[in-house]
Amino acid sequence: MTLGLYTAGDSWLHRLFPITKLIFSLSAIAIIFGGPNKWLSAILPGVISILILWSAGIAWRALKLIVQLLTPIAVILFIVHGFFGPANHQILMRLGPFVLGQEGLMYASLIVVRLVSTLASSLLLVTSTHPGSLIQALEQTGLSRKLVYLLGSPLLLLPQMARRIQTIRSAQQSRGLETQGNLLQRIKALFPLVAPLVFSALVDVEERSLALEVRGFSAPTPKTNLTEIPDTTKQQVLRWGMIVIAVCFLVFEFWRKRNGYD
Amino acid sequence: MRICAENIHFTYPGNVKVLDNISVTLNPGEKVALIGANGSGKTTFARHLNGLLRPQSGTVWVGDWKTSEHSPAQLAQRVAYVFQNPDEQLFRQRVWDEVAFGPQNLGYSASQVENMVEQALSLMGLTNEANFNPRDLNYSGRKRVSLASALAMQTPVLIFDEPTASLDMKEKKQFSKVLKTLNLENKTTLIISHDMDFVVENVDRIILMYEGKMIHDTSTKHFFKDKELIENSGLVIPQLIRLSQELNHLDLALNVEQFIKERERIITTIKTE
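Bear in mind the structure is a predicted one, so any value in this text is a computation, not a measurement.

Undergrad: Got a minute to help me understand helix α11 (residues 256–272) of chain B in this structure?
TA: Since the α-helix advances by 3.6 residues per turn, residues separated by three or four positions end up pointing in the same direction. Its 17 residues place the ends of α11 of chain B 24 Å apart at the C-alpha level, agreeing with the 24 Å of an ideal helix rising 1.5 Å per residue. Within α11 of chain B, only zero of the 17 residues are buried, leaving the element largely exposed.

Undergrad: In this structure, what is going on with the interface of chain A and chain B? I would like to understand it.
TA: Often, the extent of an interface is quoted as the loss of accessible area on bringing the components together. Counting from both sides, the interface comprises 20 residues of chain A and, opposite them, 20 residues of chain B. The element contributing the most residues to the side of chain A that touches chain B is helix α7 (residues 145–174) of chain A, with eight residues. Of the residues assigned to the side of chain A that touches chain B, the class counts are nine nonpolar, eight polar and three charged.

Undergrad: Help me understand the pairing of strand β3 (residues 91–95) of chain A, please; the structure alone is not making it clear to me.
TA: One face of the sheet, then the other: side chains in a regular strand alternate in exactly this way. Residues and elements named next belong to chain A. Across the five residues of β3, zero count as buried, placing the element largely on the outside. Two strands pair when backbone bridges link them, and β3 and strand β4 (residues 98–101) are joined in this way by four bridges, in the antiparallel orientation. If you follow R94 over to β4, its bridge partner there is V99.

Undergrad: What should I look at first to understand the domain arrangement of chain B in this one?
TA: All names here are of chain B. Looking at chain B, the domain boundaries give domain 1 (3–236) and domain 2 (238–273). If you average the C-alpha positions of domain 1 and of domain 2, the two centres end up 32 Å apart. The interface of domain 1 with domain 2 comprises nine residues on the first partner and eight residues on the second. Looking at the side of domain 1 that touches domain 2, the elements with two or more residues in it are α7 (196–202) and α8 (220–225). Residue classes in the side of domain 1 that touches domain 2 are distributed as three nonpolar, one polar and five charged.

Scoring rules and cut-offs
- Residues numbered from 1 in each chain as written.
- Chains lettered and ligands numbered in written order.
- Predicted model: local features only at pLDDT ≥ 70, side-chain atom pairs only at ≥ 80, totals over all residues.
- Helix = DSSP H or I, 4+ residues; strand = E, 2+ residues; numbered from the N terminus.
- Expected span 1.5 Å × (residues − 1).
- Buried ≥ 20, exposed ≤ 12 C-beta atoms within 10 Å, placed from the backbone.
- Contact = placed C-beta atoms within 7 Å.
- Nonpolar A, V, L, I, M, F, W, Y, C, P; charged D, E, K, R; others polar.
- Pairing = 2+ DSSP bridges.
- Domains from an automatic or database assignment.

Laid out in structure tokens, this is it:
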């Protein structure tokens, strides 16, 4: 069963306390963009994430998503930086008036690797964690319910939004709107597709907040949780370890730059 | 325009069979209701008629077009489809512009679009609201805008998914008049509805679906004579039909006028006897 990007399963990764996975993703992202040795910092968290996903049996789905999402971005980055990068000096190839530069290509490669790693570490969280579990785990950590709802509701609403997009597309096609075809046609189709989505989402937000309020969401009484997601001391230690490592990397990199070692 | 579905099968991902060998023909000028319990496949079938869904086997003809060979946008020249929830299509700032969206897409000239919009607004009683923002109207007002949007396209076939949901009695009567007008113009109308009181008074033919199969296709009068069938299908017997059935010496009346006539006939017969 899938809910948004979540893939149901019973692997060790699925069973981990969601906050452990969240801390891993955030630490990985911090190291990817702020760690020392930019190539190693960019590659290593991604490789670790993919290995973890592999051991949980959901690597293929994650890799497919990464390829689908990043291929167009990667192509654009390589073209823009490869041919028009301001740091280009070493010429690799000439294509008519355009010159392909090594520095631009390397810079584009670094961005792409960082994006792949970021996406892999984020997918580790979202493909193995049911949005409801993440919300509950955040609540268990003592975060305010309102803040948790604010953070978690977009995750729960994603599948609903996807269904609504499909319905809106069908409704507009039934009124003769061509949603396929050349770029101009697709651009023309954008507003009739996006506007009802935004309007109905706004109405939904209002109705949902009212529905929550009338059912006592903001009541000052303590809330009852019917189930509890198990956490362990080992995972707590692991989480602190990951935070410490990420902070050390960031501080070290900051110190290096400040002292002119870069 | 004739619509013809031949041996349609459709299964959603996950092997959920929704349509199982459906064959039906809708003739020009017919007013047909597609009824059945939730999940019986009504909407899935209706979405095959304007190409939003393609049959996995079988063929759907809209006039001389096969739906599998045309996009929904092309088929919109022949079939208009009104969705249940108006909020999933409204996006323009004025009711007038919203209603004009369909005719504009179909490539009519500016003066034609103007005429089509004015007619549709008038039919749905929205002339005075033409300059309103659709979002400022209440739900039934927005529903009428979505109905007007389909009417404005002046297609030979119209499909309405739960058209009376949220309409009040006055608005239902107005929509009933619209259906009569469409009928006079020889247009084919298909109504998906749970509103049996509306169905009994406004359609000539009923198609009953159950678990992806078409289990009944008959005239309205014939359908409502079968009390057992209606109850077994999980449908609510319209009040008028219940009244006729309770007074079992009356012929089945499909609308109030027929009921009054029938009652007078019986009284006259009794008096003369």
